[in-house]
Amino acid sequence: MAVSIRPDLTSRIYPEADPTCCSITLAAGIDHFDRLPDSLLILVFNKIGDVKALGRCCVVSRRFHSLVPQVESVVVRVDCVISDDDTSNSSSSDKSRSSASSSGFSSIFRMVFGGIVKPFQALGQLLGPKRSSGGGNDDDAGEMDQGGVTHHSPTQVLKNFNEIRFLRIELPSGELGIDDGVLLKWRADFGSTLDNCVILGAASVINNGHYLVCANAGGDDNGSIPESFYTNGGLKLRVVWTISSLIAASARHYLLQPIIAEHKTLNSLVLTDADGQGVLCMNRDQLEELRVKPLSASSASKRTLVPALNMRLWYAPHLELPNGVVLKGATLVAIRPSEQTSAKKEVCDLSWVSTAFEEPYGTAAKMLVKRRTYCLEMNSF
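Residues numbered from 1 in each chain as written. Predicted model: local features only at pLDDT ≥ 70, side-chain atom pairs only at ≥ 80, totals over all residues. Heavy atoms only, no water.

An unreviewed UniProt entry annotates the chain as F-box domain-containing protein originating from Linum tenue.

*Asks:* Explain the overall build of the chain to me, please; I cannot follow it from the model alone.
*Replies:* When helices and strands are tallied, the chain shows 17 helices and 12 strands. Scored against the burial criterion, the 381 residues of the chain give a buried share of 41%. Summed over all atoms, the accessible surface of the chain reaches about 20600 Å², with 53% contributed by carbon and sulfur. (Helix = DSSP H or I, 4+ residues; strand = E, 2+ residues; numbered from the N terminus. Buried < 20%, exposed > 50% of the residue type's maximum accessible area, 1.4 Å probe, protein only. Areas by Shrake-Rupley, 256 points an atom, 1.4 Å probe, with all protein chains shown as cover.)

*Asks:* Before we go on, may I ask you to explain the UniProt feature "domain: F-box" (unreviewed entry) in the chain in this structure?
*Replies:* Taken from the UniProt record, the annotation "domain: F-box" (unreviewed entry) applies to residues 33-68. The annotated region residues 33-68 carries 69% helix and 0% strand content, and the separation between its end C-alpha atoms amounts to 15 Å. (UniProt positions renumbered as here; feature names shortened; annotations may be inferred.)

*Asks:* Just to check I follow, could you spell out a nonpolar patch on the surface for this structure?
*Replies:* On the surface, a cluster of nonpolar side chains totalling about 310 Å² of accessible area is made up of L40, L43, V44 and I48. Examined against the element boundaries, V44 turns out to sit in helix α3 (residues 38-48). On the basis of relative accessibility, which here comes to 43%, the residue V44 falls in the partly exposed class. (Patch = residues over 30% accessible without salt bridge, like charges linked within 9 Å, V, L, I, M, F, W, Y side chains within 5 Å. Salt bridge = Lys/Arg side-chain N within 4 Å of Asp/Glu carboxyl O.)

*Asks:* Please explain the environment of E72 as it appears in this structure.
*Replies:* Summarising the element assignment, E72 is placed in the loop between α5 (62-67) and β1 (73-77). Residue class for E72 comes out partly exposed when judged on its relative accessible area of 31%. For the pair E72 and L167, spaced 95 residues apart in sequence, the C-alpha separation works out to 8.2 Å. In this structure E72 touches N46, E163, I164, R165 and F166, once residues within four positions along its chain are discounted. (Contact = heavy atoms within 4.5 Å.)

*Asks:* So what exactly am I meant to see when it comes to the nonpolar core here?
*Replies:* In summary, soluble globular proteins display a tendency toward joint burial of nonpolar side chains. Grouped together as the largest cluster of nonpolar side chains are 57 residues, with contacts concentrated most on F45, V74, F161, L167 and I335. It is helix α12 (residues 234-255) that contributes the most residues to this core, six residues altogether. Excluding residues within four positions of it along the chain, F161 makes contact with V51, L54, V68, P69, V71, V74 and H263. Counting 23 residues, the second-largest nonpolar core is a separate cluster that includes V325, V353, F357 and V369. (Core = buried A, V, L, I, M, F, W, Y, C linked by side-chain atoms within 4.5 Å.)

Structure, rendered in structure tokens:
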């Protein structure tokens, strides 16, 4: 008597099983997933990580629905950032700007960074708690756009997870609009305030540009910054990069508060973007510090107040990396709060700077820190 066998999960889990037995077992309606212990299934869910895939797993069975909230490692990839066109927010923003107009720094800030205020407002709507709209009071409901698409913030999506230890949130793009060909990357570590920040920038990135280096290498510059750097706007551009990156980092940090407060099991939190422009990191001690010591918010916008800073800057007119890529006007900035710098004795330890970026930019950082160091200071803002 012929027996028809279909490829199924049973044959994949138990390839050595007799086919006839498999068919009889399936006919009896036994789910072999029931034989797997919960700990093994949770391990599989942790390997999946992606919150959307985990959401699909929840609807497979009641058992999966009960196990998915116990996942410890979660990745949230944000599809889009919803712009916030609330007129009340606009008016309050205008009031904040007018009240800060007495400060010279605030005037410069509005002139230089006015173009990036809107993305920060949009990021706030996306990551922050959902505002109640006049209709219902269902906390599970997301905000609807005109096309009938429901949007949920990461705060909403994660609220049913109760065992998260490792969380990664990925935005669709970085907040800072930069010209094509310009390199700008930053990494910042936060506790209740900024612990450190490393910024790597270059005016242009040239592939296979060895001829350009040879043509411009008239001699050893001994790591010194050329005089033209101060007169052609090079220094001003680096200052803009530095302040922009710090504002982006402090805005992300401020908006993570509700997630950190709700998920007390967190050991690691990373907020990055698909462009690889910026990475904000918090470890277990830093997360606990924020819970115990509330952050200081900037009075001008929804971001964490940046403390007074000590900065080290390294510059190379042309930096050729081992893979043949050339960074023109390569600049590395290492930033720490002034209080922290004065308290630490290991000021010469720059390992946290040279390991801030993935390759090939990690190599670029290691090459730059060997050059002459320039020290700067910046007031709190």
